[in-house]
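Here is how the chains run, residue by residue.
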Amino acid sequence: MADEALSAGAVARRLGVAVTTLRTWHQRYGLGPSEHIPGHHRRYTPADLARLEIMRRLTAEGVSPAEAARWARQAPDPVSTDVIVHTRLRPPSRDGGGSIPVGRAGPAARGLARAAMRLDAAAISETIAHTMAANGVVATWEGLLRPVLAGIGERHAATAGLIEVEHLVSRCVSEAFAAASRAKVPTGPARILLSCADEEQHTLPLEALAAALAEAGVSYRMLGARVPVAALVEAVTRTGPAAVVLWSHTRATADPAQLSAVLAAPRRPLLVLAAGPGWRADTLPAGVVRPVDLAEAVSLSVAVRDSLDQSTEG
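What comes next concerns the included structure. Small disclaimer: the values here were computed from a predicted structure and weren't measured.

Quick word on the pairing of strand β3 (residues 243-247)
Line of reasoning, step 1. When you tally the buried positions in β3, you get 5 out of 5 residues, the bulk of the element.
Line of reasoning, step 2. Across the two faces of β3 the burial is the same, with Ala 243, Val 245 and Trp 247 and Val 244 and Leu 246 all buried.
Line of reasoning, step 3. Here strand β1 (residues 192-196) runs beside β3; their pairing, made up of 5 bridges, is parallel. Its bridge partner lying in β3, Leu 193 is registered against Val 244.

Shown next, in the form of structure tokens:
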């Protein structure tokens with residue numbers, strides 16, 4: 001544990017709770033920051049953080065907040081007492097046991113995973129919004145959201161559970177991306193067309209790309225999930241985008257004929273991107289690019305937008 005004192009926001013991210021929850025625990029149960037420097041906000045010491053971790057664990061497992069706070073306040077050595085309290089009061093798990101694995105992701109991802117297991121929508125949304133404001137859309141997707149979403153998928157594959165967790169987290173992520181897109185509406189014509197492959201229902205990565213494009217000042221159109229190839233070609237023909245991004249999450253939806261149809265459209269785009277793990281590089285039609293990640297998809301989209309704008313100006 002770090003020796004430095006922490007702000008309320010930093011503690012909230014480490015624990016995976018909302019800042020408002022910390023305020024409630026402070027006001028109702030006396031579990032507040034103990035370090036005070038005149039002229040500055042109070043800050044949480046390592047001992048404060050350890051007691052709050054006891055509070056978080058016990059309330060997450062069904063212990064009443066008042067009882068959990070009593071245990072936390074009485075802990076003479078918060079770190080060692082945490083282990084004792086957690087073992088004594090831990091009830092049978094309701095979700096098959098364990099937690100959401102996030103690999104080597106940082107504290108924010110671990111906090112988000114804990115908030116997801118508690119179905120704490122406020123903490124989930126607050127963590128996503130803070131990270132996006134601090135680091136941008138691409139870094140938030142790669143460093144925070146992808147590890148947690150992948151961990152949820154891994155737990156579901158192993159236990160057939162966490163469906164409610166996946167749904168709640170997905171909704172919070174979608175809302176965060178929509179808010180980010182609304183916060184910075186690009187000007188100019190929509191140069192990029194975003195679409196899921198036919199029968200593809202996984203839209204979050206495409207929503208991440210939309211938010212990242214908005215952040216980069218690139219206008220786009222989003223068609224969303226399960227777009228039949230005829231409808232996609234019609235949209236390309238009617239709007240004449242500079243680039244088309246077709247997302248496929250699984251092999252079942254990655255029919256290369258969809259890409260060939262876009263390439264054969266009367267108003268063929270300058271760039272066609274086959275995005276997502278569903279596509280196999282050796283089956284892609286000539287002229288289709290497969291970006292390796294979100295950052296590359298954004299970079300290619302920006303480049304083709306800029307190229308078209310320059311040719312128009314010339």
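That shown, we press on.
What about the nonpolar core?
Line of reasoning, step 1. Grouped together as the largest cluster of nonpolar side chains are 51 residues, with contacts concentrated most on Ile 124, Ile 128, Leu 145 and Phe 177.
Line of reasoning, step 2. If one sorts the elements of this core by residue count, helix α10 (residues 204-215) sits on top with 8 residues.
Line of reasoning, step 3. Setting aside residues up to four positions removed in sequence, Ile 128 forms contacts with Leu 112, Thr 140, Leu 144, Leu 145, Cys 172, Val 173 and Ala 176.
Line of reasoning, step 4. Grouped together as the second largest cluster of nonpolar side chains are 22 residues, Val 17, Trp 25, Tyr 44 and Leu 58 included.

Focus: the sheet that holds strand β5 (residues 288-289)
Line of reasoning, step 1. Taken together, the 5 strands give an open sheet; going across it, the order is β2-β1-β3-β4-β5, and neighbouring strands pair in parallel fashion. The strands lining the two open edges of the sheet, one partner per strand, are β2 (220-224) and β5.
Line of reasoning, step 2. Both β3 and strand β4 (residues 271-275) contribute to a ladder of 5 bridges, which runs parallel. Considered in β4, the bridge of Val 244 is made with Val 272.
Line of reasoning, step 3. Packing of helix α12 (residues 256-263) onto the sheet brings it into contact with β3, β4 and β5, and relative to β4 it is tilted by some 165°.

A look at the side chain of Thr 140
Line of reasoning, step 1. Considering the arrangement of structural elements, one finds Thr 140 in helix α8 (residues 137-159).
Line of reasoning, step 2. Look at Thr 140 and you get buried, because its relative accessible area is 0%.
Line of reasoning, step 3. Within polar-contact distance, the side chain of Thr 140 engages the backbone nitrogen of Met 132 at 3.3 Å.

What to know about helix α1 (residues 8-15)
Line of reasoning, step 1. What α1 keeps buried is the set Ala 10, Val 11, Ala 12 and Leu 15.
Line of reasoning, step 2. Note on α1: the residue one or two positions beyond its end, Gly 16, has a positive phi of about 75°.

Quick look at the packing of helix α9 (residues 163-183) against α10
Line of reasoning, step 1. Packing of α9 against α10 brings their axes to within 8 Å, and their N-to-C directions diverge by 20°. Here α9 is positioned roughly parallel relative to α10, judged by the angle of their axes. For the element pair α9 and α10, the recorded crossing hand is left-handed. Across from Ser 170, Val 173, Ser 174, Phe 177, Ala 180 and Ser 181 in α9, the residues of α10 making contact are Leu 204, Glu 207, Ala 208, Ala 210, Ala 211 and Ala 214.
Line of reasoning, step 2. Residue composition of the contact of α9 with α10, by class: 8 nonpolar, 3 polar and 1 charged.

Overview of the side chain of Gln 258
Line of reasoning, step 1. Residue placement: Gln 258 occurs in helix α12.
Line of reasoning, step 2. A polar atom in the side chain of Gln 258 sits 2.8 Å from the backbone nitrogen of Asp 198.
Line of reasoning, step 3. Residues contacting Gln 258, with those up to four places away along its chain left out, are Ala 197, Asp 198, Val 229, Leu 246, Thr 253 and Trp 279.

A closer look at α10
Line of reasoning, step 1. In a regular helix each residue adds 1.5 Å, so 12 residues correspond to 16 Å; α10 covers 16 Å between its end C-alpha atoms and thus fits that length.
Line of reasoning, step 2. Residues Leu 204, Pro 205, Leu 206, Glu 207, Ala 208, Leu 209, Ala 210, Ala 211, Ala 212, Leu 213 and Ala 214 constitute the buried set of α10.

A look at the pattern of salt bridges
Line of reasoning, step 1. What the rule picks out here adds up to 9 salt bridges.
Line of reasoning, step 2. Between Arg 226 and Glu 199 there is a salt bridge, with its nearest N and O atoms 2.8 Å apart. Of the two residues, Arg 226 is situated in the loop between β2 and α11 (229-239) and Glu 199 in the loop between β1 and α10; the sequence distance between them amounts to 27 residues.
Line of reasoning, step 3. In this structure Arg 226 comes out as partly exposed when scored by relative accessible area, which is 43%.
Line of reasoning, step 4. Residue class for Glu 199 comes out partly exposed when judged on its relative accessible area of 45%.
Line of reasoning, step 5. With a closest N to O distance of 2.6 Å, Arg 305 and Asp 306 form a salt bridge.
Line of reasoning, step 6. Given the relative accessible area of 14%, Arg 305 is considered buried.
Line of reasoning, step 7. One network of salt bridges, in which partners are shared, links Glu 53, Arg 56 and Arg 57.

Section: the environment of His 202
Line of reasoning, step 1. Looking at the element boundaries, His 202 is found in the loop between β1 and α10.
Line of reasoning, step 2. Along the primary structure His 202 and Gly 224 are separated by 22 residues, whereas in three dimensions their C-alpha atoms are 9.2 Å apart.
Line of reasoning, step 3. Apart from the residues within four sequence positions on either side, His 202 is in contact with Cys 196, Trp 247 and His 249.
Line of reasoning, step 4. Separated by 2.9 Å, the side chains of His 202 and Glu 200 make a polar contact.

The rules we used
- Residues numbered from 1 in each chain as written.
- Predicted model: local features only at pLDDT ≥ 70, side-chain atom pairs only at ≥ 80, totals over all residues.
- Heavy atoms only, no water.
- Buried < 20%, exposed > 50% of the residue type's maximum accessible area, 1.4 Å probe, protein only.
- Helix = DSSP H or I, 4+ residues; strand = E, 2+ residues; numbered from the N terminus.
- Pairing = 2+ DSSP bridges.
- Core = buried A, V, L, I, M, F, W, Y, C linked by side-chain atoms within 4.5 Å.
- Contact = heavy atoms within 4.5 Å.
- Axes fitted to C-alpha atoms, helices over the stretch in contact; angles between N-to-C directions.
- Polar contact = N/O pair within 3.5 Å; in protein donor to acceptor, adjacent residues only side chain to side chain.
- Parallel < 35°, antiparallel > 145°, perpendicular 65-115°, else oblique.
- Left-handed = near helix turned anticlockwise from the far one by under 90°.
- Nonpolar A, V, L, I, M, F, W, Y, C, P; charged D, E, K, R; others polar.
- Expected span 1.5 Å × (residues − 1).
- Salt bridge = Lys/Arg side-chain N within 4 Å of Asp/Glu carboxyl O.

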